[in-house]
Amino acid sequence: MQVNAKVYTLETDNAKLAVKALGAELTSWQPAKKQEWLHQSDHVWQGQAPLLFPFVGGLHEQSYIYKHEQYKMPKHGFVREREFTYEAAKSYKHANEACLCLTYTSTKADFELYPFRFKLEAYFYLAGSKLKQALKIYNLEETPLYCAAGFHPAFKLPENLGQLNDFALAFPHKEQVQRLQLSYLSGLQLLLANLNMALKDNLWAWQVKDFEDQCWFFQTNGTEIELVHNKTKKAILHLSSNLPVLGVWQPYQPLTGSDFICLEPWSSSVGLDGQVCDLEKWQDRIKLEPKSTCTLEYIAQALI
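Residues numbered from 1 in each chain as written. Predicted model: local features only at pLDDT ≥ 70, side-chain atom pairs only at ≥ 80, totals over all residues. Heavy atoms only, no water.

1. Concerning the overall build of the protein
Per the secondary structure count, the protein includes one helix and 26 strands. Here the protein has a C-alpha radius of gyration of 19 Å; the compact-globule value for 304 residues is 19 Å, and the two agree. Reported as C-alpha extents along the three principal axes, the dimensions of the protein are approximately 55 × 45 × 35 Å. Here the protein holds 304 residues, and the buried ones make up 53% of them. For the protein, contacts bridging at least 24 residues in sequence account for 64% of all contacts bridging at least 6. For the protein, the exposed surface amounts to about 13,900 Å²; the carbon and sulfur share of it is 48%. Separation of charge centres in the protein, based on 30 positive and 33 negative side chains, amounts to 3 Å. (Helix = DSSP H or I, 4+ residues; strand = E, 2+ residues; numbered from the N terminus. Rg over C-alpha atoms; globule rule 2.2 N^0.38 Å. Buried < 20%, exposed > 50% of the residue type's maximum accessible area, 1.4 Å probe, protein only. Contact = heavy atoms within 4.5 Å. Areas by Shrake-Rupley, 256 points an atom, 1.4 Å probe, with all protein chains shown as cover. Lys, Arg positive; Asp, Glu negative; His and termini not counted. Charge placed at Lys NZ, Arg CZ, Asp CG, Glu CD.)

Below is the structure:
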C-alpha cells in the first residue's frame, strides 16, 4: 500500500487503482496497467467517481423534513467532502487480488445536516480485469436511519474507438427500460410514474444531442449493462450492481461529445420537483433498523 498526498494506491500483478482520502473517491483504474479507464479531472468536469451519501441527486430547495424539522442538504449529500481514514485491518493484497478499505464516522458537524449517527466503510477490490466498489453503511442509532446512496464513476471512452456517437448501452435481455421522468432544469423528479423507453436489439444508441436537455435515469431493479462499440457491436465494458436506479450522464459537448460516460448505480430516486419531502414518508429510501447495516456495490469489468 502506498499513499501520496492522501491518495491511496492499490496494485496487483496486472491491475492498479488510486483513491483519494477526500470523499473516498476513485481517481484511477487501470485493469491492464496500460489503459486508464477513469476520467481524469479537467475543465469539463472536475469529478471522477464521487461517493453519494446520504442523498443522491437534488432536493427541492435543497431541503428535507425529518420529525417536523427542516434540514438543508447539498446535491448528492455531503460525504464526498469528508476525509476518510485508511483501515489496514480490512485491506489486503495478494498476487492477483487486492482490497482497499477506507472508513468515515459521522461527527457533530454532520448532525446539523443529517440527524443520524452513522459509519461508512468504502471498499475497493481488484481481481483480474474486474473492479468492485462497495459501500457498507452502519446505523449507530437506537432508532431507524433513512438514507440514499450511490456511485458516480465516470468511465473514459477508449480514444482509439472513436467519439461518443460511436458507443451504445446494452441492456441484456430487455426490450424496454423504465425511465424516470425528471426536470432537466432542476434535476428533480416530476412524477412517481415511469416512462417506457423501447430498445432496439437491447441497445440504446445515444447521440451527443441526447445530453443537451435530457436527464437519463432508469428504474432497472438491479443493473446489468454493457458499454458497446457501435461499429463492431462488441462489448468493451460490463457493469452490474444490486441497486435499482441507473443514471447515464455526461456534460454536453455539442461538437464532439465528452470523452467519458458516467454510469451511476443508485439506491433511490431524486427529490420531487416542487415538494420538500418528509424523510420518513419517502417510499424508496433505505431504512436501516437500529444497529444494523447494509451493503451496496457494483462491479465493472474491462473487456478490452
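2. Some remarks on the packing of aromatic side chains
Within this structure, the stated rule accounts for 29 aromatic pairs. Ring centres of Trp29 and Phe155 lie 6.4 Å apart, and the angle between their planes is 70°; on these two criteria the pair is classed as edge-to-face. Highlighted residues: Trp29 in strand β4 (residues 25–30) and Phe155 in strand β15 (residues 154–156), separated in sequence by 126 residues. With relative accessibility at 0%, the residue Trp29 sits in the buried group. A relative accessible area of 0% places Phe155 in the buried class. Aromatic pair Tyr104 and Phe118: ring centres 6.2 Å apart, planes at 45°, arrangement tilted. Of this pair, Tyr104 sits in strand β10 (residues 97–105) while Phe118 sits in strand β11 (residues 118–127); the two residues are 14 residues apart in sequence, bridging distant segments of the chain. On the basis of relative accessible area, Tyr104 is assigned to the buried category, the value being 8%. Residue classification places Phe118 among the buried positions, given a relative accessible area of 0%. Cluster of aromatic residues (ring-pair linked, three or more members): Phe53, Tyr66, Phe78, Phe84, Tyr104, Tyr114, Phe116, Phe118 and Tyr146. (Phe/Tyr/Trp six-rings, centres within 6.5 Å; stacked < 30°, edge-to-face > 60°.)

3. Side note on the pattern of salt bridges
For the structure shown, the criterion picks out 11 salt bridges. Between Glu121 and Lys119 there is a salt bridge, with its nearest N and O atoms 3.8 Å apart. Owing to a relative accessible area of 1%, Glu121 belongs among the buried residues under this scheme. As a salt-bridge pair, Asp259 and Lys156 come within 3.3 Å of each other at their nearest N and O atoms. Of this pair, Asp259 sits in the loop between β23 (245–249) and β24 (260–266) while Lys156 sits in strand β15, and the two are 103 residues apart along the sequence. (Salt bridge = Lys/Arg side-chain N within 4 Å of Asp/Glu carboxyl O.)

4. Some thoughts on the pairing of strand β16 (residues 167–170)
Residues of β16 alternate between two faces, with Phe167 and Leu169 on one and Ala168 and Ala170 on the opposite face, all of them buried. Bridge analysis of β16 against strand β21 (residues 223–229) gives four bridges, and the strand direction is antiparallel. Of the residues in β21, the one forming a bridge with Phe167 is His229. Bridge count between β16 and strand β19 (residues 203–204): two bridges; the pairing is antiparallel. Residue pairing across strands places Ala170 opposite Leu203, the latter belonging to β19. (Pairing = 2+ DSSP bridges.)

5. Re the pairing of strand β6 (residues 63–66)
Across four bridges, β6 lies against strand β7 (residues 69–72) in antiparallel orientation. Note that in β7 the partner of Ser63 across the bridge is Lys72. Where β6 folds back onto β7 in an antiparallel hairpin, the turn is made up of two residues, including Lys67, whose phi is positive at roughly 55°.

6. With respect to the side chain of Asp166
Relative to the elements of secondary structure, Asp166 occurs in the loop between β15 and β16. What Asp166 contacts, discounting residues up to four positions off in sequence, is Leu161, Val228, His229, Asn230 and Lys231.

7. Regarding the nonpolar core
The biggest cluster of nonpolar side chains holds 77 residues, and the ones touching the most others in it are Tyr114, Ile137, Trp204 and Val248. Those residues within four positions of Trp204 in sequence are excluded, and the remaining contacts are Ala168, Leu169, Phe171, Met197, Leu199, Asp210, Phe211, Trp216, Phe218 and Val248. Listed in part, the 10 residues of the second largest apolar core include Leu52, Leu180, Phe217 and Val245. (Core = buried A, V, L, I, M, F, W, Y, C linked by side-chain atoms within 4.5 Å.)

8. A closer look at the environment of Asn96
Note on placement: Asn96 falls in the loop between β9 (92–93) and β10. Of the residues examined, Asn96 reaches a relative accessible area of 32% and is grouped as partly exposed. Here the alpha-carbon distance between Asn96 and Ser186, two residues 90 residues apart in the chain, equals 44 Å. Residues in contact with Asn96, not counting those within four places in the same chain, are Thr12, Asn14, Leu126, Ala127 and Gly128.

Purely geometric numbers; function is a separate question.
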